[in-house]
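Spelled out from the first residue to the last, the chains are:
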Amino acid sequence: VQLQASGGGLVQAGGSLRLSCAASGRTFSSYGMGWFRQAPGKEREFVAAISWSGGRISYADSVKGRFTISRDNAKNTVYLQMNSLKLEDTAVYYCAHSKGSGSYDYWGQGTQVTVSS
């Protein structure tokens, strides 16, 4: 499975960005997907996840109400809409392919999100 994340950039606090993750190499629609992030000097942390059908979604408490994960199985793409961005959202964001039971086996290369004041 190959995952290509894109859409990161520099945005002012309060602004929005939409990340995309294009998948190839496996039947995308059969698997859950997730987004994680890693800030400088910190461990990678869970951001959001979506089931293969989109019927089950979960978020980290820190992004609930601000971020929305979605997927388009026809385009083999998962998205992360990020609104009301905060300085603490600055991180490298990674998409990941789920192998079930909350575990992830393939990771994208990451896309940098920088929120400025």
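Here goes a summary of the coordinates provided.

Observations concerning the packing of aromatic side chains
Scanning the entire structure with this criterion turns up four aromatic pairs. Centre to centre, the rings of F36 and F46 are 5.7 Å apart; their planes meet at 75 degrees, and the pair counts as edge-to-face. Note that F36 is positioned in strand β4 (residues 33-38) and F46 in strand β5 (residues 45-50), a separation of 10 residues in sequence. The exposure class assigned to F36 is buried, which follows from its relative accessible area of 11%. Each ring, one from Y104 and one from W107, has its centre 6.2 Å from the other, and the planes form 55 degrees; the classification is tilted. What makes Y104 buried here is its relative accessible area of 18%. Of the aromatic side chains, those joined through ring pairs into one cluster are F36, F46, Y104 and W107. Over the aromatic face of Y94 sits the side chain of R44, whose NZ or CZ is 4.9 Å from the ring centroid.

A look at the state of the cysteines
In total, this model carries one disulfide according to the counting rule given. For C21, the disulfide goes to C95, at an S-S distance of 2.0 Å. Because the torsion about its S-S bond is 60 degrees, the bridge between C21 and C95 counts as right-handed. Of the two residues, C21 is situated in strand β3 (residues 17-24) and C95 in strand β9 (residues 91-100); the sequence distance between them amounts to 74 residues. C95 gets classed as buried once you look at its relative accessible area, which sits at 0%.

So, how was this worked out
Within each chain, residues carry numbers counting from 1 in the order of the written sequence. Residue-level local features of this predicted model are given only where pLDDT is at least 70; pairs of side-chain atoms are given and counted only at 80 or more, and the full residue set underlies all totals for whole chains, interfaces and linings. Computation of side-chain values covers all heavy atoms of the structure but excludes hydrogens and water. Any two rings among Phe, Tyr and Trp, with Trp reduced to its six-membered ring, count as a pair given centres within 6.5 Å; such a pair is stacked if its planes are under 30 degrees apart, edge-to-face if over 60, and tilted if neither. Only DSSP runs of H or I reaching four residues or more are called helices, and only runs of E reaching two or more are called strands; each is numbered from the N terminus. Only protein chains enter the calculation, and the probe is 1.4 Å; a residue is then buried if its accessible area is under 20% of its type maximum, exposed if over 50%, and partly exposed in between. Placement of a positive charge over a ring is assigned whenever Lys NZ or Arg CZ falls within 6 Å of the ring centre and within 35 degrees of the normal to the ring plane. Pairs of cysteine sulfur atoms within 2.5 Å are identified as disulfides in what follows.

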